[in-house]
Amino acid sequence: MVAFMPSAAFAQASNTILIQNATILTISHGNIEHGSILIRDGKIAALGTDVKAPSDATVIDANGQFVMPGIVDCHSHIAVDGSVNEGAPAVSSMARIPDVLNPDDVDIYRDLAGGVTAANILHGSANPIGGQTVVIKLRWGKPANALPFEGALPGIKFALGENPKRSNFGPPPGVPQRYPATRMGVEEVIRQAFTEAREYKKQWDDYTQRKAAGEQNLMPPRRNEALEPLVEVMEGKRYVHSHCYRADEILMLLRVAKEFGFKVRTFQHVLEGYKVADEIAASGAGGSTFSDWWAYKMEAFDAIPYNAALMTDRGVVVSINSDDAEEATHLNQEAAKSMKFGGLSANDALKMVTLNPAIQLGIENRVGSIDVGKDADLVIYDRDPLSVYAVPQKTLIDGQVYFDRARDVAHRAEIEKEKQALIDKEKKRAEAEKKMEEKSQDKSPDKSEAKPEKKPGKKKPPMSGVAGDAR
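Residues numbered from 1 in each chain as written. Predicted model: local features only at pLDDT ≥ 70, side-chain atom pairs only at ≥ 80, totals over all residues. Heavy atoms only, no water.

## Structural notes on the packing of aromatic side chains
What counts, and what does not: Two rings from Phe, Tyr or Trp (for Trp, the six-membered ring) form a pair when their centres are within 6.5 Å of each other. A pair whose planes differ by under 30 degrees is stacked, one over 60 is edge-to-face, and the rest are tilted. A run of DSSP states H or I qualifies as a helix once it reaches four residues; a run of E qualifies as a strand once it reaches two. Both are numbered from the N-terminal end. Type-normalised accessible area, obtained with a 1.4 Å probe on protein chains alone, sets the label of each residue: buried when under 20%, exposed when over 50%, and partly exposed for intermediate values. Here, over-ring charges are defined by two tests on the NZ atom of lysine or the CZ atom of arginine: distance to the ring centre within 6 Å, and angle to the ring normal within 35 degrees.
Counting across every chain of the model gives 14 aromatic pairs. Where Y306 meets F341, the ring centres are 5.6 Å apart and the plane angle is 85 degrees; that geometry is what we call edge-to-face. Here Y306, found in the loop between strand 12 (286-289) and helix 6 (307-313), pairs with F341, found in the loop between helix 7 (331-340) and helix 8 (346-351); they are 35 residues apart in sequence, far enough to count as distant. Given the relative accessible area of 39%, Y306 is considered partly exposed. Each member of the aromatic cluster is reached from another via a ring pair, and the members are F158, F194, F260 and F262. The ring of F341 carries K340 above its face, with NZ or CZ at 5.5 Å from the centroid.

## Thoughts on the pattern of salt bridges
When the charged atoms of two side chains lie near each other, side chains of opposite charge can form a pair. Just so we agree on the cut-off: Salt bridge, as applied in this entry: a Lys or Arg side-chain nitrogen positioned within 4 Å of an Asp or Glu carboxyl oxygen.
Summed over all chains, the structure comprises 33 salt bridges. With a closest N to O distance of 3.0 Å, D398 and R139 form a salt bridge. Of this pair, D398 sits in the loop between strand 15 (392-397) and strand 16 (400-404) while R139 sits in the loop between strand 8 (129-137) and strand 9 (155-159), placing them 259 residues apart in sequence. By relative accessible area, which is 6% here, R139 ends up buried. Through salt bridges with shared partners, one network takes in K43, K137, R139, E150, R366, D375, D377 and D398.

## Things to note about the nonpolar core
As a reminder of what qualifies: Here, the term nonpolar core denotes a set of buried Ala, Val, Leu, Ile, Met, Phe, Trp, Tyr and Cys residues that are joined through side-chain atoms within 4.5 Å. Contacts: residue pairs with any heavy atoms within 4.5 Å of one another.
The biggest cluster of nonpolar side chains holds 79 residues, and the ones touching the most others in it are L138, F158, I190, F194, F262, F267 and I280. If one sorts the elements of this core by residue count, helix 4 (residues 247-260) sits on top with 8 residues. When near neighbours in sequence (up to four residues on either side) are disregarded, F194 contacts I129, F158, L230, V233, M234, F260 and F262. Within the second largest apolar cluster, 18 residues are counted, among which are L47, V67, L378 and V401.

## Focus: the state of the cysteines
Put plainly, a disulfide is one covalent bond tying together the sulfur atoms of two cysteines. The following threshold applies: Our working definition of a disulfide is a cysteine sulfur pair at a distance within 2.5 Å.
Under the defined criterion, the tally for this structure stands at 0 disulfides. C74 carries a free sulfur, and the closest cysteine sulfur to it, the one in C244, is 12 Å from it. Residue classification places C244 among the buried positions, given a relative accessible area of 0%.

## Some words on the environment of N356
What counts here: Identification of polar contacts relies on pairs of N or O atoms within 3.5 Å, with a donor-acceptor requirement for protein atoms, meaning one able to donate a hydrogen and the other able to accept it, and with residues adjacent in sequence counted only if both atoms are side-chain atoms.
Examined against the element boundaries, N356 turns out to sit in helix 9 (residues 355-360). With residues up to four places along the chain from it excluded, the contact list for N356 reads V317, V318 and K351. Within polar-contact distance, the side chain of N356 engages the backbone oxygen of V318 at 2.8 Å.

## A short note on the pairing of strand 6 (residues 71-76)
In plain terms, the rule: Strand pairing is assigned whenever DSSP detects at least two bridges linking the two strands. Here, the term right-handed applies to a crossover whose path from the first strand over the helix to the second runs clockwise when the strands point away from the viewer.
The element strand 6 is largely enclosed, with a buried count of 6 among its 6 residues. When strand 6 meets strand 7 (residues 116-121), the two strands line up parallel, connected through 4 bridges. The partner of S76 across the bridge, within strand 7, is I121. Tracing the backbone out of strand 6, into helix 1 (residues 106-112) and back to the parallel element strand 7 gives a crossover that is right-handed.

## What about the packing of helix 2 (residues 183-212) against helix 4?
Selection rule: Lines fitted to the C-alpha atoms define the axes, with helices restricted to the stretch that makes contact. Angles between their N-to-C directions range from 0 to 180 degrees. Angles below 35 degrees are treated as roughly parallel, those above 145 as roughly antiparallel, those between 65 and 115 as roughly perpendicular, and all remaining angles as oblique. Handedness of each helix crossing follows the sense of rotation of the near helix against the far helix: counterclockwise by less than a right angle gives left-handed, clockwise gives right-handed. Basically, the charged four are Asp, Glu, Lys and Arg, the nonpolar ten are Ala, Val, Leu, Ile, Met, Phe, Trp, Tyr, Cys and Pro, and anything else, Gly included, counts as polar.
Taken N-terminus to C-terminus, the directions of helix 2 and helix 4 make an angle of 15 degrees; their axes are 11 Å apart at the nearest point. Classified by the angle between their axes, helix 2 and helix 4 sit roughly parallel to one another. When you trace helix 2 past helix 4, the crossing you get is right-handed. Counted together, R183, E187, I190, R191, F194, T195 and R198 of helix 2 and E249, M252, L253, V256, E259 and F260 of helix 4 form the full contact between these two elements. Its residues assigned to classes, the contact of helix 2 with helix 4 comprises 6 nonpolar, 1 polar and 6 charged.

## A closer look at the pairing of strand 9
Of all 5 residues in strand 9, 5 are buried, a share of seventy percent or more. By the alternation rule, side chains of strand 9 split into G155, K157 and A159 and I156 and F158, which are all buried. Sheet topology places strand 8 next to strand 9; 3 bridges connect them, and they run antiparallel. Bridge pairing links I129 to F158 in strand 9. Examined bridge by bridge, strand 9 and strand 10 (residues 239-244) share 5 bridges and lie parallel to one another. The partner of A159 across the bridge, within strand 10, is H243.

Here it is in structure tokens:
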């Protein structure tokens, strides 16, 4: 477990960095032994075996170490302030994850320590059509408005199966079951929403055309913030990332998408994707799956660890995702499992956590491989990243070091010292309070000493001439 680091990127002498003497895993064009990477103003300026350090460069000697592109997590729920589900309505497309990003979530730093540099932050899976998603860079220490990945197309979360039909989430007594409660109902909710979105789009298109033609005194259609994201989906301006498990539901959503003229960008989890890999590939959708999660609920019982490799063999662009903050800290190892279960090459395995998720999120022109002109989002490992013993030493985003293991380890001693000082301070406070209490008890009368008893005296005779007893 890494220490909590409150600072942002470490201060550097210049915006020019040279990482030298490393094994460079470019992902896109093979490996470079004893190679160097020149970074200038956050971009990869040059790489190869004969790159020299400019006079103003900060040099990182990675002798015996490995450099690979930063890991891209296509399914994450970190950096969200509060729950990720707006679960009351069946369609919550108006809910916006970008508005609730929490830059102080320590999982950002922990995932950086695992080599993650970018992540797709999704709404939860309580709804057939969920909320709007956002791709972020893990710029730890920066404000919330500095986290979104500039230029990345926004997305929206769909969900199929047990979660949106609330199989495991019964309402409290006296509260009616939310529609839908069946897989048929999930399909109908999606179809009805797009039917309304199509009509909404037509109204706005008609209004725009009439206004462009010069017609006066036009009343624009009433805005509907739930339908506008779905119009963007149909116009190709917003990606659909759909939570799913079963083959029949995957085919169902492909049919609905074809009916309304939109594309599913990724099927998330997609544990039965191997059964319908040809259909997924033909649609152009990607598959973002788990390496070997299985049987944690009924619709995951047909999951197999060969899923990623089988979909890859059939032409699907496949990534391995986390869906869990801790899982994201070792996605390199999760990708390595596809070499055992499916026989993928080392490079194809690493693609599943670098270039492939970048393609799925439409950011492959910026990240996912080590090429000149791309963002300098890189991870330096102490050994082959596909080894179970590999540990990230530095994680860079935009050419800035956001995680440095050596500094992290050194900082732990400072944190322990501060912790011990706070403990000692608390002990002193408690001891001082105890002494004050003892002192106050010494000054107060001893309640244990009995007061002397009064001797009984003789009773006075009753007074004469008084009505009643006045005592």
